[in-house]
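Single-letter residue listing:
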Protein chains: 2
Amino acid sequence: MIYCIRSKEGTQTIYTHPEVTDLTSDIFDFCSSMTDEQDGRARELIERAAAKWPLRILHVLSDAGAPLRFSRLMERVEGISQKVLTQTLRTLERDGLIIRTLYPEVPPRVEYELTSLGRDLLMQVATLWRWIVEHLDDFDARKAVKLMATANA
Amino acid sequence: MIYCIRSKEGTQTIYTHPEVTDLTSDIFDFCSSMTDEQDGRARELIERAAAKWPLRILHVLSDAGAPLRFSRLMERVEGISQKVLTQTLRTLERDGLIIRTLYPEVPPRVEYELTSLGRDLLMQVATLWRWIVEHLDDFDARKAVKLMATANA
DNA sequence: CAGCATCCCATAAGATACTG
DNA sequence: CAGTATCTTATGGGATGCTG
(Lines give C-alpha, C1' and ligand atoms only; values in the text may rest on other atoms or scores of the structure.)
Protein backbone atom coordinates (compact mmCIF):
# COMPACT_ATOMS: atom_id res chain seq x y z
CA MET A 1 0.00 0.00 0.00
CA ILE A 2 2.74 2.34 -0.94
CA TYR A 3 0.73 5.13 -2.44
CA CYS A 4 -2.42 4.98 -0.46
CA ILE A 5 -3.28 7.75 1.86
CA ARG A 6 -4.08 6.04 5.09
CA SER A 7 -1.67 6.30 7.98
CA LYS A 8 -0.09 2.99 8.72
CA GLU A 9 0.44 3.50 12.39
CA GLY A 10 -1.88 4.88 14.99
CA THR A 11 1.11 6.14 16.86
CA GLN A 12 1.91 8.75 14.26
CA THR A 13 1.01 12.38 14.18
CA ILE A 14 -2.21 12.92 12.28
CA TYR A 15 -4.15 15.91 11.08
CA THR A 16 -6.84 16.79 13.51
CA HIS A 17 -8.78 19.41 11.65
CA PRO A 18 -12.33 18.09 11.45
CA GLU A 19 -12.44 19.15 7.82
CA VAL A 20 -9.54 16.89 6.98
CA THR A 21 -10.84 13.93 8.91
CA ASP A 22 -14.25 14.18 7.32
CA LEU A 23 -12.99 14.49 3.82
CA THR A 24 -10.48 11.72 3.98
CA SER A 25 -12.10 9.00 6.04
CA ASP A 26 -13.80 7.36 3.07
CA ILE A 27 -10.66 7.20 1.03
CA PHE A 28 -8.73 5.98 4.04
CA ASP A 29 -11.11 3.10 4.49
CA PHE A 30 -10.71 2.21 0.87
CA CYS A 31 -6.93 2.45 0.94
CA SER A 32 -6.66 0.06 3.81
CA SER A 33 -8.32 -2.60 1.71
CA MET A 34 -5.99 -2.15 -1.26
CA THR A 35 -3.21 -4.69 -1.75
CA ASP A 36 0.30 -3.73 -2.81
CA GLU A 37 -0.26 -5.38 -6.14
CA GLN A 38 -3.46 -3.49 -6.84
CA ASP A 39 -1.77 -0.29 -5.82
CA GLY A 40 1.17 -0.96 -8.11
CA ARG A 41 -0.96 -1.79 -11.11
CA ALA A 42 -3.13 1.27 -10.58
CA ARG A 43 0.05 3.35 -10.37
CA GLU A 44 1.25 2.00 -13.71
CA LEU A 45 -2.07 2.69 -15.36
CA ILE A 46 -2.17 6.24 -14.07
CA GLU A 47 1.38 6.87 -15.17
CA ARG A 48 0.73 5.51 -18.64
CA ALA A 49 -2.55 7.35 -19.02
CA ALA A 50 -1.11 10.67 -17.91
CA ALA A 51 1.81 10.47 -20.33
CA LYS A 52 2.15 12.90 -23.17
CA TRP A 53 -0.30 11.54 -25.72
CA PRO A 54 -2.77 8.94 -24.41
CA LEU A 55 -5.36 11.31 -22.99
CA ARG A 56 -5.23 13.39 -26.10
CA ILE A 57 -5.82 10.38 -28.30
CA LEU A 58 -8.68 9.15 -26.15
CA HIS A 59 -10.19 12.59 -26.30
CA VAL A 60 -9.92 12.81 -30.07
CA LEU A 61 -11.66 9.46 -30.38
CA SER A 62 -14.34 10.55 -27.95
CA ASP A 63 -14.73 13.82 -29.74
CA ALA A 64 -15.09 12.13 -33.11
CA GLY A 65 -17.78 9.89 -31.72
CA ALA A 66 -16.97 7.25 -34.31
CA PRO A 67 -14.09 4.95 -35.27
CA LEU A 68 -11.16 6.80 -36.79
CA ARG A 69 -8.53 5.58 -39.22
CA PHE A 70 -4.85 5.86 -38.46
CA SER A 71 -4.37 8.77 -40.82
CA ARG A 72 -7.35 10.66 -39.38
CA LEU A 73 -5.77 10.32 -35.95
CA MET A 74 -2.46 11.61 -37.27
CA GLU A 75 -4.27 14.72 -38.50
CA ARG A 76 -6.27 15.34 -35.37
CA VAL A 77 -3.61 14.60 -32.78
CA GLU A 78 -1.51 17.57 -33.69
CA GLY A 79 2.23 17.21 -33.31
CA ILE A 80 2.46 13.47 -32.82
CA SER A 81 4.83 11.41 -34.92
CA GLN A 82 3.80 8.25 -36.71
CA LYS A 83 5.98 6.09 -34.54
CA VAL A 84 4.71 7.46 -31.28
CA LEU A 85 1.11 7.33 -32.45
CA THR A 86 1.52 3.65 -33.29
CA GLN A 87 3.16 2.90 -29.96
CA THR A 88 0.58 4.78 -27.97
CA LEU A 89 -2.30 3.13 -29.81
CA ARG A 90 -0.80 -0.29 -29.09
CA THR A 91 -0.54 0.49 -25.41
CA LEU A 92 -4.08 1.83 -25.27
CA GLU A 93 -5.24 -1.32 -27.02
CA ARG A 94 -3.42 -3.59 -24.57
CA ASP A 95 -5.01 -1.76 -21.68
CA GLY A 96 -8.44 -2.28 -23.18
CA LEU A 97 -9.10 1.41 -23.70
CA ILE A 98 -9.46 1.29 -27.47
CA ILE A 99 -10.21 -1.35 -30.09
CA ARG A 100 -8.19 -1.72 -33.28
CA THR A 101 -9.97 -3.23 -36.25
CA LEU A 102 -8.08 -4.23 -39.38
CA TYR A 103 -10.08 -4.48 -42.59
CA PRO A 104 -7.97 -6.63 -44.93
CA GLU A 105 -8.61 -4.60 -48.05
CA VAL A 106 -6.20 -3.06 -50.54
CA PRO A 107 -5.09 -0.57 -49.46
CA PRO A 108 -5.50 -1.71 -45.88
CA ARG A 109 -7.89 0.09 -43.60
CA VAL A 110 -7.52 0.20 -39.83
CA GLU A 111 -9.98 1.76 -37.50
CA TYR A 112 -9.59 2.73 -33.87
CA GLU A 113 -12.47 3.29 -31.53
CA LEU A 114 -13.02 3.92 -27.85
CA THR A 115 -14.12 1.06 -25.63
CA SER A 116 -16.62 1.71 -22.89
CA LEU A 117 -13.78 1.39 -20.40
CA GLY A 118 -11.85 4.01 -22.36
CA ARG A 119 -14.80 6.32 -22.28
CA ASP A 120 -15.31 5.74 -18.57
CA LEU A 121 -11.67 6.40 -17.78
CA LEU A 122 -11.83 9.60 -19.78
CA MET A 123 -14.83 10.63 -17.72
CA GLN A 124 -13.00 9.95 -14.49
CA VAL A 125 -9.96 11.87 -15.59
CA ALA A 126 -12.17 14.69 -16.80
CA THR A 127 -13.55 14.99 -13.30
CA LEU A 128 -10.05 15.40 -11.93
CA TRP A 129 -9.28 17.78 -14.78
CA ARG A 130 -12.23 19.87 -13.90
CA TRP A 131 -11.18 20.11 -10.28
CA ILE A 132 -7.70 21.20 -11.35
CA VAL A 133 -9.00 23.84 -13.73
CA GLU A 134 -11.26 25.20 -11.04
CA HIS A 135 -8.26 25.51 -8.71
CA LEU A 136 -5.72 26.59 -11.31
CA ASP A 137 -4.94 29.85 -9.57
CA ASP A 138 -3.99 28.03 -6.39
CA PHE A 139 -1.21 25.99 -7.96
CA ASP A 140 1.31 28.62 -7.05
CA ALA A 141 4.00 28.67 -4.36
CA ARG A 142 2.92 32.17 -3.35
CA LYS A 143 -0.54 30.95 -2.41
CA ALA A 144 0.67 27.97 -0.40
CA VAL A 145 -1.25 27.46 2.82
CA LYS A 146 0.02 25.22 5.57
CA LEU A 147 -2.08 22.44 6.88
CA MET A 148 -2.73 22.68 10.60
CA ALA A 149 -1.41 19.64 12.42
CA THR A 150 -1.14 18.43 15.99
CA ALA A 151 0.79 15.56 17.41
CA ASN A 152 -1.29 12.78 18.93
CA ALA A 153 1.24 10.08 19.57
CA MET B 1 -9.99 23.07 -25.72
CA ILE B 2 -7.82 20.34 -26.99
CA TYR B 3 -8.37 17.76 -24.33
CA CYS B 4 -11.89 18.38 -23.31
CA ILE B 5 -14.51 15.85 -24.04
CA ARG B 6 -17.27 17.79 -25.64
CA SER B 7 -17.84 17.42 -29.37
CA LYS B 8 -17.01 20.62 -31.17
CA GLU B 9 -19.51 20.25 -33.94
CA GLY B 10 -23.14 19.28 -33.73
CA THR B 11 -22.81 17.77 -37.15
CA GLN B 12 -20.63 14.95 -35.90
CA THR B 13 -21.57 11.48 -34.95
CA ILE B 14 -22.25 11.26 -31.25
CA TYR B 15 -22.91 8.48 -28.82
CA THR B 16 -26.62 8.03 -28.33
CA HIS B 17 -26.78 5.54 -25.52
CA PRO B 18 -28.77 7.23 -22.79
CA GLU B 19 -26.22 6.03 -20.30
CA VAL B 20 -23.46 7.88 -22.09
CA THR B 21 -25.40 11.06 -22.56
CA ASP B 22 -26.43 11.17 -18.93
CA LEU B 23 -23.00 10.53 -17.59
CA THR B 24 -21.19 12.97 -19.79
CA SER B 25 -23.49 15.95 -20.05
CA ASP B 26 -22.16 17.64 -16.94
CA ILE B 27 -18.57 17.30 -17.97
CA PHE B 28 -19.44 18.43 -21.48
CA ASP B 29 -20.97 21.60 -20.17
CA PHE B 30 -17.86 22.25 -18.15
CA CYS B 31 -15.48 21.52 -21.01
CA SER B 32 -17.17 24.00 -23.26
CA SER B 33 -16.33 26.74 -20.80
CA MET B 34 -12.65 25.84 -20.56
CA THR B 35 -10.16 27.99 -22.44
CA ASP B 36 -7.18 26.56 -24.31
CA GLU B 37 -4.86 28.09 -21.79
CA GLN B 38 -6.65 26.56 -18.83
CA ASP B 39 -6.68 23.24 -20.57
CA GLY B 40 -2.96 23.42 -21.30
CA ARG B 41 -2.02 24.36 -17.77
CA ALA B 42 -4.18 21.60 -16.31
CA ARG B 43 -2.52 19.18 -18.70
CA GLU B 44 0.92 20.18 -17.46
CA LEU B 45 -0.11 19.82 -13.85
CA ILE B 46 -1.57 16.37 -14.42
CA GLU B 47 1.51 15.25 -16.29
CA ARG B 48 3.82 16.50 -13.57
CA ALA B 49 1.73 15.06 -10.77
CA ALA B 50 1.47 11.64 -12.39
CA ALA B 51 5.22 11.35 -12.97
CA LYS B 52 7.24 8.73 -11.20
CA TRP B 53 7.68 10.25 -7.75
CA PRO B 54 5.41 13.19 -6.94
CA LEU B 55 2.36 11.25 -5.82
CA ARG B 56 4.50 9.02 -3.71
CA ILE B 57 6.14 11.96 -1.99
CA LEU B 58 2.80 13.65 -1.36
CA HIS B 59 1.53 10.43 0.06
CA VAL B 60 4.49 10.00 2.37
CA LEU B 61 3.98 13.51 3.67
CA SER B 62 0.29 12.91 4.13
CA ASP B 63 0.98 9.60 5.81
CA ALA B 64 3.47 11.17 8.19
CA GLY B 65 0.96 13.82 9.16
CA ALA B 66 3.73 16.21 10.08
CA PRO B 67 6.59 18.08 8.44
CA LEU B 68 9.45 15.80 7.39
CA ARG B 69 13.11 16.55 6.96
CA PHE B 70 14.92 15.85 3.73
CA SER B 71 16.65 12.80 5.12
CA ARG B 72 13.38 11.37 6.50
CA LEU B 73 11.89 11.67 3.03
CA MET B 74 14.88 9.90 1.53
CA GLU B 75 14.26 7.01 3.89
CA ARG B 76 10.53 6.78 3.34
CA VAL B 77 10.40 7.30 -0.40
CA GLU B 78 12.09 4.05 -1.14
CA GLY B 79 14.28 3.93 -4.23
CA ILE B 80 14.54 7.64 -4.96
CA SER B 81 17.92 9.30 -5.45
CA GLN B 82 18.95 12.48 -3.74
CA LYS B 83 19.01 14.44 -6.95
CA VAL B 84 15.57 13.39 -8.04
CA LEU B 85 14.13 13.93 -4.59
CA THR B 86 15.46 17.47 -4.61
CA GLN B 87 14.13 18.14 -8.09
CA THR B 88 10.73 16.72 -7.33
CA LEU B 89 10.44 18.65 -4.08
CA ARG B 90 11.30 21.88 -5.89
CA THR B 91 8.60 21.24 -8.46
CA LEU B 92 6.03 20.38 -5.82
CA GLU B 93 6.97 23.56 -4.00
CA ARG B 94 6.61 25.71 -7.13
CA ASP B 95 3.17 24.24 -7.74
CA GLY B 96 2.13 25.10 -4.22
CA LEU B 97 1.64 21.50 -3.15
CA ILE B 98 4.24 21.51 -0.39
CA ILE B 99 6.03 24.09 1.73
CA ARG B 100 9.76 24.05 2.30
CA THR B 101 11.01 25.62 5.50
CA LEU B 102 14.69 26.22 6.12
CA TYR B 103 15.81 26.57 9.71
CA PRO B 104 19.18 28.35 9.58
CA GLU B 105 20.86 26.27 12.22
CA VAL B 106 24.13 24.37 12.16
CA PRO B 107 23.77 21.82 10.75
CA PRO B 108 20.93 23.16 8.65
CA ARG B 109 17.46 21.72 9.02
CA VAL B 110 14.89 21.74 6.25
CA GLU B 111 11.32 20.60 6.64
CA TYR B 112 8.76 19.78 4.02
CA GLU B 113 5.05 19.68 4.65
CA LEU B 114 1.87 19.35 2.65
CA THR B 115 -0.19 22.41 1.85
CA SER B 116 -3.94 22.19 1.93
CA LEU B 117 -3.89 22.27 -1.86
CA GLY B 118 -1.49 19.34 -1.84
CA ARG B 119 -3.73 17.39 0.45
CA ASP B 120 -6.78 18.21 -1.66
CA LEU B 121 -5.07 17.18 -4.86
CA LEU B 122 -4.05 13.93 -3.24
CA MET B 123 -7.68 13.35 -2.32
CA GLN B 124 -8.81 13.97 -5.87
CA VAL B 125 -6.22 11.64 -7.29
CA ALA B 126 -7.11 9.04 -4.68
CA THR B 127 -10.66 9.10 -5.96
CA LEU B 128 -9.46 8.34 -9.47
CA TRP B 129 -7.11 5.75 -8.03
CA ARG B 130 -9.95 4.07 -6.29
CA TRP B 131 -11.99 3.91 -9.46
CA ILE B 132 -9.07 2.35 -11.30
CA VAL B 133 -8.45 -0.25 -8.61
CA GLU B 134 -12.12 -1.17 -8.64
CA HIS B 135 -11.92 -1.70 -12.40
CA LEU B 136 -8.47 -3.22 -12.52
CA ASP B 137 -9.64 -6.45 -14.11
CA ASP B 138 -11.18 -4.57 -17.01
CA PHE B 139 -7.93 -2.97 -18.15
CA ASP B 140 -7.30 -5.82 -20.52
CA ALA B 141 -7.56 -6.03 -24.30
CA ARG B 142 -9.45 -9.32 -23.98
CA LYS B 143 -12.25 -7.62 -22.11
CA ALA B 144 -12.61 -4.70 -24.49
CA VAL B 145 -16.20 -3.77 -25.23
CA LYS B 146 -17.12 -1.53 -28.10
CA LEU B 147 -19.15 1.55 -27.53
CA MET B 148 -22.42 1.63 -29.46
CA ALA B 149 -22.62 4.65 -31.71
CA THR B 150 -25.06 6.09 -34.22
CA ALA B 151 -24.62 8.85 -36.74
CA ASN B 152 -26.77 11.89 -36.15
CA ALA B 153 -25.48 14.35 -38.72
C1' DC C 1 22.40 17.92 6.98
C1' DA C 2 20.86 19.13 2.76
C1' DG C 3 22.00 19.96 -0.95
C1' DC C 4 24.72 21.07 -5.73
C1' DA C 5 27.83 19.59 -9.65
C1' DT C 6 29.27 16.25 -12.63
C1' DC C 7 29.28 12.24 -15.33
C1' DC C 8 26.86 8.33 -17.30
C1' DC C 9 23.24 5.54 -19.01
C1' DA C 10 18.51 3.93 -20.33
C1' DT C 11 14.54 5.19 -22.30
C1' DA C 12 11.33 8.37 -24.88
C1' DA C 13 10.62 10.77 -28.58
C1' DG C 14 11.57 12.95 -33.30
C1' DA C 15 13.09 12.52 -38.25
C1' DT C 16 13.64 9.97 -42.20
C1' DA C 17 13.41 6.15 -45.34
C1' DC C 18 11.24 2.11 -46.78
C1' DT C 19 7.28 -1.76 -47.43
C1' DG C 20 3.15 -5.40 -47.48
C1' DC D 1 -2.76 3.17 -46.14
C1' DA D 2 -0.72 1.86 -42.18
C1' DG D 3 2.66 0.87 -40.63
C1' DT D 4 8.11 -1.01 -39.66
C1' DA D 5 13.15 -0.06 -39.41
C1' DT D 6 16.82 2.80 -38.43
C1' DC D 7 19.21 6.68 -36.81
C1' DT D 8 19.61 10.65 -33.93
C1' DT D 9 18.42 13.68 -30.29
C1' DA D 10 16.33 14.97 -25.86
C1' DT D 11 15.05 13.85 -21.31
C1' DG D 12 14.91 11.39 -16.85
C1' DG D 13 17.11 9.23 -13.71
C1' DG D 14 21.11 6.90 -11.16
C1' DA D 15 25.89 7.07 -9.05
C1' DT D 16 29.51 9.57 -7.18
C1' DG D 17 32.04 13.36 -5.08
C1' DC D 18 32.08 17.79 -2.92
C1' DT D 19 30.42 21.87 0.23
C1' DG D 20 28.09 25.83 3.22
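Remember, predicted model here, so these are calculated numbers, not experimental data.

*Asks:* Quick question: what am I supposed to make of the sheet that holds strand 2 (residues 98–103) of chain A here?
*Replies:* Sheet strands pair via backbone hydrogen bonds, and the direction of the pair is either parallel or antiparallel. Residues and elements named next belong to chain A. In spatial order, the strands read 1-3-2; together these 3 strands make up an open sheet with antiparallel pairing. In this open sheet, the two edge strands, each paired with only one partner strand, are strand 1 (68–69) and strand 2. In the sheet, strand 2 pairs with strand 3 (residues 109–114) via 6 bridges, with the strands oriented antiparallel. Within strand 3, the position partnered with I98 by the bridge is L114. Of the strands in this sheet, strand 1, strand 2 and strand 3 touch helix 3 (residues 54–64), which is tilted by about 95° from strand 3.

*Asks:* How should the protein's contact with DNA strand C be read in this particular structure?
*Replies:* Residues in close proximity to DNA strand C total 18 residues, the closest being A:K83, B:S71, B:Q82, B:R100 and B:Y112. Take the atoms of DNA strand C that sit within 4 Å of the protein: sugar and phosphate atoms are 55% of them. Interatomic distance of 2.4 Å between a side-chain N/O atom of A:K83 and a base oxygen of DNA strand C. B:Q82 is positioned with one of its side-chain polar atoms (N or O) 2.6 Å from a base nitrogen of DNA strand C.

*Asks:* How should I be thinking about the environment of A:T35 in this particular structure?
*Replies:* Residue and element names in this part refer to chain A. Along the chain, T35 turns up in the loop between helix 1 (18–32) and helix 2 (36–49). Among the residues examined, T35 registers a relative accessible area of 40% and is labelled partly exposed. Between the C-alpha atoms of T35 and V106, which are 71 residues apart in sequence, the distance is 49 Å.

*Asks:* Which parts of the structure should I look at to understand empty space enclosed by the protein?
*Replies:* Gaps left between atoms show up when a probe the size of a water molecule is rolled over them. Here the structure, examined in full by the defined rule, presents 4 cavities of 30 Å³ or more. Estimated volume of the largest cavity: approximately 160 Å³. As for the largest cavity, its lining consists of 16 residues, and the residues nearest its centre are A:I46, A:A50, A:L128, B:I46 and B:L128. Put simply, the parts of the chain that give the lining of the largest cavity at least two residues each are helix 2 and helix 6 (116–134) of chain A together with helix 2 (36–49) and helix 6 (116–134) of chain B. Its residues placed into classes, the lining of the largest cavity shows 16 nonpolar, no polar and no charged.

*Asks:* Just checking my understanding: could you explain the protein's contact with DNA strand D for this structure?
*Replies:* Taken together, 21 residues lie near DNA strand D, and A:S71, A:Q82, A:R100, A:Y112 and B:K83 sit nearest. Near the protein, within 4 Å, the atoms of DNA strand D are sugar or phosphate in 59% of cases. Contact distances for DNA strand D include 3.3 Å between a phosphate oxygen and a backbone N or O atom of A:V110. For DNA strand D, a base oxygen lies 2.3 Å from a polar atom in the side chain of B:K83. Elements that contribute at least two residues to the surface near DNA strand D include exactly helix 4 (70–76), helix 5 (82–94) and strand 3 of chain A together with helix 5 (82–94) of chain B.

*Asks:* Is there a simple way to think about the relation of the copies chain B and chain A in this case?
*Replies:* One copy of the chain maps onto the other through a rotation about an axis followed by a shift along the same axis. In screw terms, the move from chain B to chain A is a rotation of 180° and a rise of 0.0 Å along the axis, fitting with an RMSD of 0.1 Å. Such values leave the two copies arranged in the relation of a two-fold axis. No C-alpha of chain B approaches the rotation axis more nearly than that of B:A50, which lies at 3.1 Å. Taken together, the interface assignments show that 100% of the residues at the interface of chain B recur at the interface of chain A, consistent with an identical surface on both copies.

*Asks:* Can you help me understand the packing of aromatic side chains in this one?
*Replies:* By convention here, two paired aromatic rings are described through the distance between centres and the angle between planes. Residue and element names in this part refer to chain A. What the rule picks out here adds up to 2 aromatic pairs over all chains. Judged by centre distance (6.3 Å) and plane angle (85°), the rings of W131 and F139 are edge-to-face. In this structure, W131 and F139 share a single accessibility class: buried. The cationic tip of R109 hangs over the ring face of Y103; the distance from NZ or CZ to the ring centre is 4.0 Å.

About the cut-offs
- Residues numbered from 1 in each chain as written.
- Chains lettered and ligands numbered in written order.
- Predicted model: local features only at pLDDT ≥ 70, side-chain atom pairs only at ≥ 80, totals over all residues.
- Heavy atoms only, no water.
- Pairing = 2+ DSSP bridges.
- Helix = DSSP H or I, 4+ residues; strand = E, 2+ residues; numbered from the N terminus.
- Contact = heavy atoms within 4.5 Å.
- Axes fitted to C-alpha atoms, helices over the stretch in contact; angles between N-to-C directions.
- Near = heavy atom within 4 Å.
- Polar contact = N/O pair within 3.5 Å; in protein donor to acceptor, adjacent residues only side chain to side chain.
- Buried < 20%, exposed > 50% of the residue type's maximum accessible area, 1.4 Å probe, protein only.
- 1 Å grid on protein atoms, 1.4 Å probe; cavity = no way out; pocket = protein on both sides within 12 Å on 5 of 7 lines; lining within 4 Å.
- Points joined across faces, edges and corners; volume = space filled by probe spheres on them.
- Nonpolar A, V, L, I, M, F, W, Y, C, P; charged D, E, K, R; others polar.
- Least-squares fit on C-alpha atoms with pLDDT ≥ 70 in both.
- Phe/Tyr/Trp six-rings, centres within 6.5 Å; stacked < 30°, edge-to-face > 60°.
- Lys NZ or Arg CZ within 6 Å of the ring centre and 35° of its normal.

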